[in-house]
Amino acid sequence: MKSIKKRMWQVDFVSLRLFVAVCEEANIAHAAERESIAASAISKRIADLEYSIGTPLLLRHRAGVSPTPAGESLLQHARIVLRDVERMQAELSEYAIGVRGHIHIYASVSAVVEFLPDDISAFLARHDGIKVDMEERVSSEIVRTIEENATAIGVCWDFADTRDLQVLPYKSDHLTAVVHPDHPLASRESVSFEETLGFDQVGQHPDSMMNLFLRRLAAKSGKSVVNRIHVATFEAACRIVRANLGMSIIPAEALQPYHAQLGLRVIPLVDPWAFRRFVICMRDYEALPLPSRLFVDFLRTDRHP
């Protein structure tokens, strides 16, 4: 049998950045303009990449260029590598001005709206010199980015498929039906989710864990959720409910700034699953840097039911 010689190539961050630009612009000339470099120089770097890797990365056609399957793979990895390099440079530069630790966390919209900012603020008050960056993401993306090591810590609803990640308990909330005062359900003291399915609803992002979960529950009962409108925030949902364009399922803990001000009726859901639990996700607690372990410990010991 013939032995297959593996090609070894050095990662050239400039070439990776230029390759990403070419793929995003779908045109070498446009990428050259964006990166303030000669088109011939980009072509040379792409050719060198293709030679080093041993396979074409771009398909050239009259309209411009598009990545080959190998190019698509490189594009995905290049974006991750460049993002990590940028984050590394930013974090290391902060150590020079006194920052002693940097924590990056992805969190679901409920966690961001309901309790996580206050906990981050309390943590920073106790740990001067540590910086925390938080980004809002849907639960499925939180799990994926932790698996890909793009972020170390996530907070999401425990309904999410966390697969092989380590999870620790954090906090909980209670889902409610939010309706206009003139809504047929407005006089109720409590309601089941199935009873809400006969009414138009204001849903969250179509890919959100809440939206997927409610659709599955409705399907089990042989019905469907009629989302006339999808919104990105709880505030937007409340304002649409105030206009009497539908009802919405929203955590009680997220409603404090809105329901009294807008004159809405908040009706607790009686379903057992309406009491949601949130978890802290990570690949390996022991492998986290010390500041991140301190943060996880803080969230665990300072959580409220």
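Data block above holds the structure.
Residues numbered from 1 in each chain as written. Predicted model: local features only at pLDDT ≥ 70, side-chain atom pairs only at ≥ 80, totals over all residues. Heavy atoms only, no water.

## Brief notes about the packing of aromatic side chains
What describes a pair of aromatic rings is the distance from one ring centre to the other and the angle between the planes of the rings. For the structure shown, the criterion picks out nine aromatic pairs. Taking the centre distance of 5.1 Å and the plane angle of 75° together, the rings of Phe123 and Phe295 count as edge-to-face. Taken together, the positions of Phe123 in helix H6 (residues 116-126) and Phe295 in helix H12 (residues 290-301) put the pair 172 residues apart, joining distant regions of the chain. The class for Phe295 is buried, based on a relative accessible area of 0%. Each ring, one from Phe193 and one from Trp273, has its centre 5.5 Å from the other, and the planes form 80°; the classification is edge-to-face. Of the two residues, Phe193 sits in helix H8 (residues 193-196) while Trp273 sits in the loop between strand S10 (265-268) and strand S11 (275-282), which places them 80 residues apart along the sequence. For Phe193, a relative accessible area of 4% translates into the label buried. Each residue in the set Trp157, Phe159, Phe193, Phe213 and Trp273 is aromatic and connected to the rest through ring pairs, giving one cluster. (Phe/Tyr/Trp six-rings, centres within 6.5 Å; stacked < 30°, edge-to-face > 60°. Helix = DSSP H or I, 4+ residues; strand = E, 2+ residues; numbered from the N terminus. Buried < 20%, exposed > 50% of the residue type's maximum accessible area, 1.4 Å probe, protein only.)

## With respect to the environment of Pro67
Assignment of secondary structure puts Pro67 in strand S2 (residues 64-67). Each C-alpha atom of the pair Pro67 and Leu57 lies 5.7 Å from the other, and the pair is ten residues apart in sequence. For Pro67, the contacting residues outside a window of four places in its chain are Cys23, Leu57, Leu58 and Glu72. (Contact = heavy atoms within 4.5 Å.)

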